[in-house]
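Overview (structure and organization)
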Amino acid sequence: MFLTQLVHGLTLGACYALIALGYSMVYGIIGLINFAHGDIYMLGSFFALYLTSVVKMKIAPAFLIAMGLTSLVGLVIERVAYKPLRRSGRLSPLISAIGVSIFLSTLLNMYMGPQTRGFPDVITELQVKLGEIVITTTQLYIVAMSIALMLLLRHIVMRTRVGQAMRACSWDREVASLMGINVDQIIALTFAIGSALAAAAGVMMGVYFNAWWPLMGFSAGIKAFTAAVLGGIGSIPGAMLGGVVLGLVEILGSAYLQSSYRDAISFTILIIVLLVRPSGLLGRKIEQKV
Amino acid sequence: MIDAYTIQILVVFGINAIMALGLNLITGVTGQLSLGHAGFMSVGAYTAAIMTLRLHTPYVLNLLAAGVVAGLSGVVLGFPTLRLYGDYLAIATLGFGEIVRVLFLNLEITGGGLGLSAIPSKTNLAVVYACLGITLYVMSKIQKSRVGRALMAIREDEVAAIAMGVNSTSLKVQAFAVGAFFAGISGGLYAHYLTYINPNDFGFMKSIDSLSMVVLGGMGSLPGVLLGAAVLTYAPEKLRFLQNYRMICYGAFLVFMMVFRPNGLLGGTDLRQLVKASFKGLNWGAMAKQGARTREGIGGSKDGIA
């Protein structure tokens, strides 16, 4: 029972981690809490739902196309709602992001209706029993896919020229631009990658819980943001760790404590962690300079 | 005379404005981003409702208690979390708002998910505007005082403010307490106006609403916050004819407002001049001028929270 819950928590955590990565990367570069990120996740899930149920596509191509489409949407949003605000303080883009979030969720709410929709049977569900533990194939796919995506991201960020430019921008945007890096392009790319990862998480969560609804982005978004802060916002391994920790805490907390307090438990732990380690688990300590 | 619908909009505007003015002290003046302001409103609303339902206390006392209990919760939240800065504070306050909501959904005295109903309807236009007047008076006094200037110094540069002898932690907690007090008052007014409250009325979106009012109007400017509250109370009403498209338009409206007036409606210099001129004679016209001058004197906070 405990180990089965652990696997469940790990699966959930892997998805949170993928969403958290988008928050963390965008925050690392432009210092924006992208509140629309949860709705981008919802949109990714929606594309996959549409492709599998209306276009009758198989899940693998639908997964990839959903990631592609969502990253395009991410690019458009960045261009329309955030880029004009690059020089105007920190709260204006935040409000703009909230506007985007309301826009996307209500648009889908109107188009699809508020009810929860299930995915068609896209994965032949098998159960693997390892003694006490019951693992489903979906869980295996999700964890494997998340690990693969995170390794890919790590490769891009650490081993490629573009990744080097991204790290330079997150270190200091102005100096990076003086070194000949096209900062606008890098920011756009960051949004595209973050959106694609959120879409991947959206598709997997949608299939896992067999549910899609227009407001699903809200709580997943808040939790993923919590995960990003928990791990140390701006840090990529931190976002991964934060996501997994949050997923585990949430599942174990609701399994062994009162489940109606589930969300409160995650936030209480978050506040405690912040008080003990204000820059998150793996965040780099920011020194205040005069 | 004014019809009931207009009165309702005016009352809701007043309640929103009181709450946004409280948040303005925390976010606009002191520069601490709070995403859990609805949590304080919730505490206030439930305090007032429980007092009147269980203890049958008089209305004025309920309102005061709502403010005081919310203010105390501001202190309780502020002491540990104001050590955090910037976005860590934001997420801690967001967590606070959610914890309050989940707690009230589960406690027995708050009626759980059913909420509290049959709260006596006491709030009317006169009470709301008396409270709004007091709030404006207090806020303008605070902003013009030594404490207010210290708070603005914290917003502009906390390290420099500390170096000049400003006790930043204590002042930030005080700002939090006062901001929470007024959110509590608005919660009390709200409870006695709608006669029914539910923990989900004070969710994250409510916090975002009031933050939008502060930012939209122009952070730190009292007429700006009033204008922001007016626009964001009135716009969704005016957009009702759009039916299902209403919230979509509201979202787009927020984006375009920010893209075209990133520093808020009254944040731009030329418009500020205009407003100064048009508000001359009203007693808060002078205040706007004073506020504007102080901000510019400090270094023209174009960035808001730095």
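The following paragraphs examine the structure supplied in this document. (Residues numbered from 1 in each chain as written. Chains lettered and ligands numbered in written order. Predicted model: local features only at pLDDT ≥ 70, side-chain atom pairs only at ≥ 80, totals over all residues. Heavy atoms only, no water.)

Here we look at the overall build of chain A
- Scanning chain A for helices and strands turns up 11 helices and two strands.
- Listing every helix and strand of chain A by position from the N terminus yields α-α-α-α-β-β-α-α-α-α-α-α-α.
- Whereas a compact globule of 290 residues would reach a radius of gyration of roughly 19 Å, chain A reaches 19 Å, a difference of no more than 12%.
- Reported as C-alpha extents along the three principal axes, the dimensions of chain A are approximately 55 × 45 × 35 Å.
- Per-residue burial for chain A yields a buried fraction of 54% across its 290 residues.
- Residue pairs in contact within chain A that sit at least 24 positions apart in sequence constitute 76% of those at least 6 positions apart.
- Of the roughly 12800 Å² that chain A leaves accessible, carbon and sulfur atoms contribute 65%. (Helix = DSSP H or I, 4+ residues; strand = E, 2+ residues; numbered from the N terminus. Rg over C-alpha atoms; globule rule 2.2 N^0.38 Å. Buried < 20%, exposed > 50% of the residue type's maximum accessible area, 1.4 Å probe, protein only. Contact = heavy atoms within 4.5 Å. Areas by Shrake-Rupley, 256 points an atom, 1.4 Å probe, with all protein chains shown as cover.)

Topic: the overall build of chain B
- Within chain B, the regular secondary structure consists of 13 helices and zero strands.
- Secondary structure elements of chain B, listed N to C terminal, follow the sequence α-α-α-α-α-α-α-α-α-α-α-α-α.
- With 306 residues in all, chain B has 58% of them scored as buried.
- Contacts spanning at least 24 positions in sequence make up 77% of the contacts within chain B whose residues lie at least 6 apart.
- Counting every atom, chain B has about 12300 Å² of accessible surface; 65% of that belongs to carbon and sulfur.

Observations concerning the pattern of salt bridges
- A full pass over the atoms with the stated rule returns seven salt bridges over all chains.
- Among the charged side chains, a network of salt bridges with common partners joins A:Glu78, A:Lys83, A:Arg86 and A:Asp184. (Salt bridge = Lys/Arg side-chain N within 4 Å of Asp/Glu carboxyl O.)

Section: the packing of aromatic side chains
- If you walk through the whole model with that rule in mind, you get 16 aromatic pairs over all chains.
- Ring centres of B:Phe40 and B:Phe176 lie 6.1 Å apart, and the angle between their planes is 85 degrees; on these two criteria the pair is classed as edge-to-face. Placement of the pair is B:Phe40 in helix 2 (residues 37-55) and B:Phe176 in helix 8 (residues 168-194), with a sequence separation of 136 residues.
- Clustering of aromatic rings is evident, with ring pairs tying together A:Tyr23, A:Phe35, A:Phe218, A:Phe225 and B:Phe204. (Phe/Tyr/Trp six-rings, centres within 6.5 Å; stacked < 30°, edge-to-face > 60°.)

Describing the interface of chain A and chain B
- Counting from both sides, the interface comprises 46 residues of chain A and, opposite them, 45 residues of chain B.
- Between chain A and chain B, roughly 4100 Å² of surface is buried when both sides are summed, and carbon and sulfur atoms account for 78% of that area.
- Between the two partners, chain A and chain B, sit zero salt bridges.
- Counting every contact that joins chain A to chain B gives one residue pair in polar contact (both at pLDDT 80 or more).
- For the side of chain A that touches chain B, the secondary-structure elements that each account for two or more residues are helix 3 (59-82), helix 4 (91-112), helix 9 (216-231) and helix 11 (262-276) of chain A. (Buried area = accessible area lost by both parts, 1.4 Å probe. Polar contact = N/O pair within 3.5 Å; in protein donor to acceptor, adjacent residues only side chain to side chain.)

Quick word on the side chain of A:His37
- You can see A:His37 is positioned in helix 2 (residues 37-53).
- Apart from the residues within four sequence positions on either side, A:His37 is in contact with A:Ile19, A:Gly22, A:Tyr23, A:Gly194, A:Ser195 and A:Ala198.

Here's the deal with the pairing of strand 2 (residues 133-136) of chain A
- Sheet analysis places strand 1 (residues 127-130) of chain A next to strand 2 of chain A, joined by four bridges and oriented antiparallel. Directly across from A:Val128, in strand 2 of chain A, lies its bridge partner A:Ile135. (Pairing = 2+ DSSP bridges.)

Remarks on the packing of helix 2 of chain B against helix 8 of chain B
All names here are of chain B.
- Look at helix 2 against helix 8: their axes get within 6 Å of each other, and the N-to-C directions meet at 50 degrees. The orientation of helix 2 with respect to helix 8, classified from their angle, is oblique. For helix 2 against helix 8, the interelement crossing comes out right-handed. Residues His 37, Phe 40, Met 41, Gly 44, Ala 45, Ala 48 and Thr 52 of helix 2 form the contact with helix 8, whose own contacting residues are Phe 176, Gly 179, Ala 180, Ala 183, Gly 184, Ser 186, Gly 187, Gly 188, Tyr 190, Ala 191 and His 192.
- Taken together, the residues of the contact of helix 2 with helix 8 sort by class into nine nonpolar, nine polar and no charged. (Axes fitted to C-alpha atoms, helices over the stretch in contact; angles between N-to-C directions. Parallel < 35°, antiparallel > 145°, perpendicular 65-115°, else oblique. Left-handed = near helix turned anticlockwise from the far one by under 90°. Nonpolar A, V, L, I, M, F, W, Y, C, P; charged D, E, K, R; others polar.)

Quick word on unusual backbone geometry
- For B:His56, which is not a glycine, the phi torsion comes out positive at approximately 55 degrees.
- Mapped onto the elements, B:His56 comes out in the loop between helix 2 and helix 3 (59-81).

Concerning the environment of A:Phe267
- Within the secondary structure layout, A:Phe267 lies in helix 11.
- What makes A:Phe267 buried here is its relative accessible area of 4%.
- In this structure, the C-alpha to C-alpha distance between A:Phe267 and A:Lys223, residues 44 residues apart in sequence, is 8.8 Å.
- Setting aside residues up to four positions removed in sequence, A:Phe267 forms contacts with A:Ile222, A:Thr226, B:Leu94, B:Gly95, B:Glu98 and B:Ile99.

Some thoughts on the packing of helix 3 of chain B against helix 8 of chain B
Residues and elements named next belong to chain B.
- Between helix 3 and helix 8, the least distance of the axes is 7 Å, while the angle of their chain directions is 145 degrees. Taken as a pair, helix 3 and helix 8 cross one another with a handedness that is right-handed.
- Considering only residue class, the contact of helix 3 with helix 8 consists of 16 nonpolar, eight polar and no charged.

What to know about helix 10 (residues 222-238) of chain B
Residue and element names in this part refer to chain B.
- The end-to-end C-alpha separation of helix 10 is 24 Å, in line with the 24 Å expected for 17 residues at 1.5 Å each.
- Burial within helix 10 is extensive, with 12 of its 17 residues counted as buried.
- Along helix 10, the residues that are buried comprise Leu 222, Pro 223, Gly 224, Val 225, Leu 226, Gly 228, Ala 229, Leu 232, Thr 233, Ala 235, Pro 236 and Glu 237.
- Between the side-chain oxygen at the start of helix 10 and the backbone nitrogen of Gly 224 there is a gap of 2.9 Å, and the oxygen is on Ser 221. (Expected span 1.5 Å × (residues − 1).)

Details of a nonpolar patch on the surface
- A surface patch of nonpolar side chains, amounting to about 450 Å² of accessible area, comprises A:Met1, A:Phe2, A:Leu3 and A:Tyr256.
- Summarising the element assignment, A:Tyr256 is placed in helix 10 (residues 236-256). (Patch = residues over 30% accessible without salt bridge, like charges linked within 9 Å, V, L, I, M, F, W, Y side chains within 5 Å.)

Thoughts on the environment of A:Gly283
Residues and elements named next belong to chain A.
- Along the chain, Gly 283 turns up in the segment after helix 11.
- Classification of Gly 283 as buried rests on a relative accessible area of 11%.
- Sequence separation of Gly 283 and Ala 228 is 55 residues, and the distance between their C-alpha atoms is 9.6 Å.

A short note on the side chain of B:His37
- For B:His37, the position within the fold is in helix 2.
- With residues up to four places along the chain from it excluded, the contact list for B:His37 reads B:Met19, B:Gly22, B:Leu23, B:Ile26, B:Gly179, B:Ala180, B:Ala183, B:Ser207 and B:Ser210.

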